[in-house]
Amino acid sequence: MTGGLFIAVEGPNGVGKTTAVARFADRLRSTGRAVHMTTEPSDTPLGRLIRTSEGALTGRALALAVAADRYAHLEAEILPALAAGKVVISDRYVQSSLVLQRLDGLPLREIWHYNAHVPPASLSFYLHHTPEVLWQRLEQRAKRSRLERAGSPRRELDLYEDAFSFLAARGWRQARIDCRVLTPDGVVAQLLQHLKQFET
Ligand SMILES: Nc1ncnc2c1ncn2[C@@H]1O[C@H](COP(=O)(O)OP(=O)(O)OP(=O)(O)O)[C@@H](O)[C@H]1O
Ligand SMILES: Cc1cn([C@H]2C[C@H](O)[C@@H](COP(=O)(O)O)O2)c(=O)[nH]c1=O
């Protein structure tokens, strides 16, 4: 990948990924950087179909659908934005598959096999919090997805640790952000600090 910078923001359901990505993008834009904010599943017909079908689409079928969406997302959106020199920030990337598809019963190596051709993010952030707080946040939701109901915050946190080790062994640049005592702006401050270190 040339030109820009590709940042993935990851972590268990309810940890604050969407909140952090929006604020992080705003902060970077305020410093004059061109930012492309995105999400997986992507905001395309396929991505939207996956979101609305997640109750019915399970296991290997869901794993392959999210991988297909990821390759299409890279080709149509992420790689062109990077080629234009932008900072791309994605709310979820391949790590989500290494966690969520395991909740759906797939082995890590099979999931990786489907994703083996995706380029590494320049930098991946793993947000984490206590299982208790994550449970509280999920309980406040009017509706929970099938995978949120299938797993638990503790299990997701453990599977994210597995994903971290698995990708670290493959040379991915990654950092953990402990959100336990951080406000949303505090999370962004940590992201900016890591980014500064990465770029110097
Ligand atoms: N640092 C923070 N401190 C306190 N509350 C937070 C913080 N970050 C996010 N929240 C709150 O936690 C809830 C979940 O946040 P958010 O939707 O950003 O999480 P998420 O990781 O994107 O969730 P999901 O993956 O399930 O969509 C929201 O109510 C949000 O306002
Ligand atoms: C990237 C990715 C997503 N999914 C599924 C799981 C959820 O149904 C949605 C994500 O929704 P959220 O609002 O971001 O929590 O997509 C998946 O199964 N595997 C993936 O890799």
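Residues numbered from 1 in each chain as written. Chains lettered and ligands numbered in written order. Predicted model: local features only at pLDDT ≥ 70, side-chain atom pairs only at ≥ 80, totals over all residues.

Under an unreviewed UniProt entry, the name given to the chain is Thymidylate kinase, and the organism recorded is Streptosporangium amethystogenes subsp. fukuiense. The record in UniProt for the chain states the following under Catalytic activity (unreviewed entry): "dTMP + ATP = dTDP + ADP". (UniProt positions renumbered as here; feature names shortened; annotations may be inferred.)

(A) Focus on the overall build of the chain. Within the chain, the regular secondary structure consists of nine helices and five strands. In terms of overall size, the chain behaves like a compact globule, its C-alpha atoms giving a radius of gyration of 16 Å where 200 residues would be expected to give roughly 16 Å. For the C-alpha atoms alone, the extent of the chain along its principal axes is close to 40 × 35 × 35 Å. Across the 200 residues in the chain, those meeting the buried criterion constitute 39%. (Helix = DSSP H or I, 4+ residues; strand = E, 2+ residues; numbered from the N terminus. Rg over C-alpha atoms; globule rule 2.2 N^0.38 Å. Buried ≥ 20, exposed ≤ 12 C-beta atoms within 10 Å, placed from the backbone.)

(B) Seen up close, the nonpolar core. By size, the foremost hydrophobic cluster in this structure holds 47 residues, and its most contacted members are Ile7, Ile89 and Leu127. Among the elements that take part in this core, helix H3 (residues 59-83) stands out by supplying eight residues, more than any other. Apart from the residues lying within four places of it in its own chain, the contact partners of Leu127 are Val9, Gly11, Val15, Gly16, Lys17, Ala20, Ile177, Cys179 and Val187. (Core = buried A, V, L, I, M, F, W, Y, C linked by C-beta atoms within 7 Å. Contact = placed C-beta atoms within 7 Å.)

(C) Expanded view of the pairing of strand E1 (residues 5-10). Counted residue by residue, E1 has six buried out of six residues, so it is predominantly covered. Side chains Leu5, Ile7 and Val9 of E1 all project onto a buried face; the interleaved residues Phe6, Ala8 and Glu10 project onto the opposite face, where all are buried too. Inspection of the sheet shows E1 paired to strand E3 (residues 87-91) by five bridges, in the parallel sense. Directly across from Leu5, in E3, lies its bridge partner Val87. Taken together, the four bridges between E1 and strand E4 (residues 123-128) define a ladder with parallel strand orientation. Bridge pairing in E4 links Glu10 to Tyr126. (Pairing = 2+ DSSP bridges.)

(D) The arrangement of the sheet that holds E3 in detail. Across the sheet, which stays open at both edges, the five strands sit in the order E2-E3-E1-E4-E5 with parallel pairing between neighbours. Strands with a single pairing partner mark the edges of an open sheet, and in this sheet they are strand E2 (35-39) and strand E5 (174-178). When strand polarity is set aside, the average angle formed by the axes of neighbouring strands in this sheet is 20 degrees. Pairing analysis gives five bridges linking E2 to E3, with the strands arranged parallel. (Axes fitted to C-alpha atoms, helices over the stretch in contact; angles between N-to-C directions.)

(E) Inspection of the UniProt feature "domain: Thymidylate kinase-like" (unreviewed entry) in the chain at higher detail. According to UniProt, the feature "domain: Thymidylate kinase-like" (unreviewed entry) maps to residues 9-146 in the numbering used here. Annotation note: span residues 9-146, helix share 55%, strand share 13%, distance between end C-alpha atoms 22 Å.

(F) Spotlight on helix H9 (residues 184-199). Across its 16 residues, H9 extends 23 Å between first and last C-alpha, which sits within 8% of the 22 Å expected from 1.5 Å per residue. Along H9, the residues classified as buried are Val187, Val188, Leu191 and Leu195. Summarising the axial view, the buried residues of H9 lie within an arc of 95 degrees, below the 170-degree limit, and thus occupy one face. Every exposed residue of H9 that faces more than 90 degrees away from the buried side is listed here: Asp185, Gly186, Gln193, Lys196 and Gln197. Buried positions along H9 lie against helix H1 (17-30), E4 and E5. (Expected span 1.5 Å × (residues − 1). Arc of directions from axis to C-beta.)

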